[in-house]
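# Coordinates in review
Below, each chain spelled out in residue letters.
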Amino acid sequence: MNETLRDELLEMARRDRTVRAELVASGELFGGYEPRMARVHERNARGLRRIIESIGWPGADVVGADGAEAAWIVLQHAIGEPDLLRRALPLLQAAARDGRASPGHAAMLEDRIRFFEGRPQRYGTQFDWDADGNLSPGDVEDPQGLDERRRAVGLPPLADQMEEARSRAASEGERPPPDHKAYARARDEWAASVGWRAN
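Notes on the structure in this doc start here. What you see is a predicted model; the values in this text were computed from it and never measured.

### So, the overall build of the protein chain
Across its full length, the protein chain holds eight helices and two strands. For the protein chain, the sequential pattern of α-helices and β-strands runs α-α-α-α-α-β-β-α-α-α. Computed over the C-alpha atoms, the radius of gyration of the protein chain is 17 Å, within 12% of the 16 Å expected from 2.2 N^0.38 for a compact globule of 199 residues. Taking the principal axes of the C-alpha coordinates as reference, the protein chain spans close to 50 × 40 × 35 Å. Here the protein chain holds 199 residues, and 44% of them are scored as buried. When contacts within the protein chain are restricted to residue pairs at least 6 apart in sequence, those whose partners lie at least 24 apart make up 58%. Summing over all exposed atoms, the protein chain offers an accessible surface of approximately 10,300 Å²; the carbon and sulfur share of this is 50%. One finds the centroid of the 29 positive side-chain charges in the protein chain at a distance of 3 Å from the centroid of its 35 negative side-chain charges.

### Some words on the packing of helix α4 (residues 82–97) against helix α5 (residues 103–117)
Where α4 contacts α5, the two axes come as close as 8 Å, and the packing angle between them is 155°. As summarised for this structure, α4 and α5 are arranged roughly antiparallel, according to the angle between their axes. The two elements α4 and α5 cross, and the hand of that crossing is left-handed. Facing α4, whose interface residues are L85, R86, A88, L89, L92, Q93 and A96, α5 presents P103, H105, A106, L109, E110, R112, I113 and E117. A breakdown of the residues in the contact of α4 with α5 according to their chemical character gives nine nonpolar, two polar and four charged.

### Remarks on the nonpolar core
Core analysis: the largest hydrophobic core is formed by 38 residues, its most contacted members being L9, L48, W57, L75, L85, L92 and L109. Sorting the residues of this core by element identifies α1 (3–26), α2 (35–55), α3 (60–77), α4 and α5 as the ones contributing at least two each. Judged by nonpolar contacts, the second largest core, of nine residues, contains F127, W129, L146 and M162.

### Quick notes on the packing of α1 against α2
Running from N to C, α1 and α2 point in directions that differ by 165°, and their axes come no closer than 10 Å. As the angle between them shows, α1 and α2 are arranged roughly antiparallel. Considering the relative orientation of α1 and α2, their crossing is left-handed. Mapping the contact onto sequence places L5, E8, L9, M12, R15, D16, V19, R20, E22 and L23 in α1 and R36, M37, V40, H41, R43, N44, G47, L48, R50, I51 and I55 in α2. In the contact of α1 with α2, the residues fall into 10 nonpolar, three polar and eight charged.

Rules and cut-offs
Sequence order sets the numbering: in each chain, residues are counted from 1 along the sequence as written. Local features are withheld for residues below a pLDDT of 70 in this predicted model, meaning they are given only at 70 or higher, and side-chain atom pairs are given and counted only at 80 or more; totals for whole chains, interfaces and linings count all residues. Side-chain metrics in this entry use all non-hydrogen atoms of the structure; hydrogen atoms and water are not considered. Helix and strand assignments come from DSSP, with helices taken as H or I runs of at least 4 residues and strands as E runs of at least 2, each series counted from the N terminus. Atoms counted for the radius of gyration: C-alpha only. Globule rule: 2.2 Å times residue count to the power 0.38. Only protein chains enter the area calculation, which uses a 1.4 Å probe; residues under 20% of their type maximum are buried, those over 50% are exposed, and those in between are partly exposed. Any two residues whose heavy atoms approach within 4.5 Å at even a single point are treated as in contact. All accessibility values rest on the Shrake-Rupley procedure with a 1.4 Å probe; residue burial counts only the protein chains present in the view. Note that His is not counted, nor are the chain ends; the positive residues are Lys and Arg, and the negative ones are Asp and Glu. Every charge is mapped to an atom, namely NZ of Lys, CZ of Arg, CG of Asp or CD of Glu. Each axis is a line fitted through C-alpha atoms, taken for helices only over the stretch in contact, and angles between the N-to-C directions span 0 to 180 degrees. Should an angle lie under 35 degrees it is considered roughly parallel, over 145 roughly antiparallel, and from 65 to 115 roughly perpendicular; all remaining angles are considered oblique. The handedness criterion is simple: a crossing whose near helix is rotated anticlockwise from the far helix by less than a right angle is left-handed, and one whose near helix is rotated clockwise is right-handed. The classification used treats Ala, Val, Leu, Ile, Met, Phe, Trp, Tyr, Cys and Pro as nonpolar, Asp, Glu, Lys and Arg as charged, and all other residues, Gly among them, as polar. By convention a nonpolar core is built from buried Ala, Val, Leu, Ile, Met, Phe, Trp, Tyr and Cys residues, the set being connected through side-chain atoms within 4.5 Å.

In structure tokens form, the structure reads like this:
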């Protein structure tokens, strides 16, 4: 166990949670990628990139289960760093196959990448506002086999995750965008600007 790396990853995740909670409380988190949150994600991404370059994916065998969870949270939130997420995906998938990481985490990262690239998800884990004002996973590959794929990686049925996501959004005061077309256009423009999609 590398306690130094574990502590570093736990501190990154703590910083992320703290700033997010402050922005939720002030009502500033929603309505675009809040700059303070973006700075935390960028700083954490630099630290995680350095760790990956040094040792590969920091799995539970190296940083403990909580350290591995923290590493995944940092990675999931590094949305302005497409190259980092893409580079880490095969590392996380291999760690999941070896029992050093959660298969569900690998599935969610794959979906995260697909979502920002504008492709259908495999597991339906990433939610966004749809044109009807609901949080939903949008397009999903092979919808009939979705819950079976989810079960195979330890994820709950889609309906359960959707209910939880919508409940959390309501409790935090998150509301659908008033102009969905403008919202989707801004989201897609941002995705292209940071390298998720071709301009």
